[in-house]
Amino acid sequence: MKYNPAKKIQDLEHFGEFGGVNPSITDSATYTFMQAGTMLDTFKGEAEGCFLYSRHWNPTNKYLADAMAAMEGTEAGWVTASGMGAITCAILQVVNAGDHIVSSMTTYGGTFAFLHNWLQKFNIEVSFVDITDLDAVKAAIKPNTKLIYTETMTNPLLQISDVPELSKIAKSNNCKLMVDNTFTPMIFTPAQLGADIVVYSLTKFVNGKNDCVAGAICGSAEYINSLIDVNDGTSMLLGPVLDPLRSSSILKNLYTLHIRMKQHSKNAEYLSAKFKEIGLKVGYPGLAEHKGYELMKSMMNEDFGFGGMITIDMETSEKANQLMELMEEKGVGYLAVSLGYFKTLFSCSGKSTSSEVPKEIQEKMGMSEGLVRFSVGLDNDIENTFDVISECIKEIK
Ligand code: PLP
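What counts, and where the lines are drawn
Residues numbered from 1 in each chain as written. Predicted model: local features only at pLDDT ≥ 70, side-chain atom pairs only at ≥ 80, totals over all residues. Heavy atoms only, no water. Helix = DSSP H or I, 4+ residues; strand = E, 2+ residues; numbered from the N terminus. Rg over C-alpha atoms; globule rule 2.2 N^0.38 Å. Buried < 20%, exposed > 50% of the residue type's maximum accessible area, 1.4 Å probe, protein only. Contact = heavy atoms within 4.5 Å. Polar contact = N/O pair within 3.5 Å; in protein donor to acceptor, adjacent residues only side chain to side chain. Phe/Tyr/Trp six-rings, centres within 6.5 Å; stacked < 30°, edge-to-face > 60°.

S.K.: Hey, could you run me through the overall build of the chain in this one?
M.R.: Helices and strands together make up the secondary structure of the chain, namely 15 helices and twelve strands. Here the C-alpha radius of gyration of the chain, 21 Å, is about what a compact globule of 397 residues would show, namely 21 Å. Across its three principal axes, the chain shows a C-alpha extent of roughly 75 × 55 × 40 Å. Counting the 397 residues in the chain, one finds 58% classified as buried. A fraction of 71% describes how many contacts in the chain between residues 6 or more apart in sequence connect residues 24 or more apart.

S.K.: How do you make sense of the environment of Thr203 when you look at a structure like this?
M.R.: Positionally, Thr203 belongs in the loop between β6 (197-201) and β7 (215-219). By relative accessible area, Thr203 is classed as buried at 6%. For the pair Thr203 and Glu289, spaced 86 residues apart in sequence, the C-alpha to C-alpha distance is 31 Å. If we skip the residues at most four places from it in the chain, Thr203 touches Gly208, Cys212, Val213, Ala214 and Leu339. Reaching out from Thr203, the side chain makes a polar contact with the side chain of Ser201 at a distance of 3.1 Å. Within the structure, Thr203 has its side chain in polar contact with the backbone nitrogen of Ala214 (distance 3.1 Å).

S.K.: Explain the packing of aromatic side chains here, please?
M.R.: We describe a pair of aromatic rings using the distance from one ring centre to the other and the angle between the two ring planes. Applying the stated criterion across every chain yields a total of ten aromatic pairs. On the numbers, 5.8 Å between centres and 40° between planes, the contact of Tyr31 with Phe51 is tilted. Taken together, the residues span a long stretch of sequence, with Tyr31 in the loop between α1 (5-10) and α2 (36-43) and Phe51 in the loop between α2 and α3 (59-72) at a distance of 20 residues. Accessibility classification places Tyr31 together with Phe51 in one group, the buried group. Each ring, one from Phe275 and one from Phe386, has its centre 6.2 Å from the other, and the planes form 50°; the classification is tilted. Of this pair, Phe275 sits in helix α11 (residues 257-277) while Phe386 sits in helix α15 (residues 382-395), placing them 111 residues apart in sequence. With a relative accessible area of 0%, Phe275 lands in the buried category. Taken together through their ring pairs, the aromatic side chains of Phe275, Phe346, Phe374 and Phe386 make up a single cluster.

S.K.: Can you help me understand the environment of Thr150 in this one?
M.R.: Mapped onto the secondary structure, Thr150 falls in strand β4 (residues 145-151). The class for Thr150 is buried, based on a relative accessible area of 0%. Between the C-alpha atom of Thr150 and that of Ala216, which follows or precedes it by 66 residues, the distance is 16 Å. Setting aside residues up to four positions removed in sequence, Thr150 forms contacts with Ser104, Ile131, Ser161, Leu166, Met178, Val179 and Asp180. Separated by 2.8 Å, the side chains of Thr150 and Ser161 make a polar contact.

So this is what it looks like as structure tokens:
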């Protein structure tokens, strides 16, 4: 048994004000003090258990942040109003103007746009590499490199990042390794494999209900405190704070995450094997021929499977669109971006969640214009779902 994130969540105990089994929701922006001196100490981060103002800390957000840190096995966590809020604050806290970042070429399109287009404003240079090519990562490091950035399972190509090896490269070059684990909560615990900072879009599998956007940052206590420093903390000063009412509902959903991940994985394992059987070009890290299969096995926590994400390459965007429209019509799921929902969602990555990535870079990373990304749902009868999908495939001209 490696790390057991599900047990960490199961063991959490936090009660509401009147002994409620769920913690009370603190919907206050500000907090009173009996002594002025304690307020000053709280400003300086020296008053344990005191709250000052909800952009800095809110008790309900702290329950969720602590739960995320427990799941990841990090000293601390912080929650944000979106995954992008987490990613941008986490990165901006590590790098300064003139620094350099080495990033996976394949990341979520919004992250790519931030790294590729936005950071230029501050003269922060980013080198994009094939993250599975460790020699390329090493070769891209420069004296001013402060960060290696990747996704444990990349969006949308489902490549597997070798977190232990990337961590060694980061350490030997005195920079940080930051990993987005949005696709694979429970399955991977990147901080246990050597990542310094783990970021999440909680919008996806962690919350699992598609009723809000949210994010999280997990790392050392020193790093999390630096993010909320009143003088120069990026989260404190840019202010992407999560609403405590949302924190409360996400925390309750976190308790069922392990069961959902198992079912997402079980269904995706079934569908990917069947897709392969009927001759589709399928990408799934749980298939032995996937380039990252052995690596994934060596890094994953037992019990949670290979995840709920699959790609199939329909070669042209016309065929991809036909398939998706048919699947929606016949009730397989929804033609929608995002992932980690109880219904199956599908989108054509190149024209949606990776549309920020220029065509020539899409080609360089090997993303076909007909790539359909599936976030496989929690269907109880996945055999029937497959039958319907295969009927749709037969209808494609
Ligand atoms: N990280 C990954 C891997 C994603 O797929 C997404 C969104 O699709 C994000 C981050 C951004 O998260 P959010 O939409 O919650 O800001």
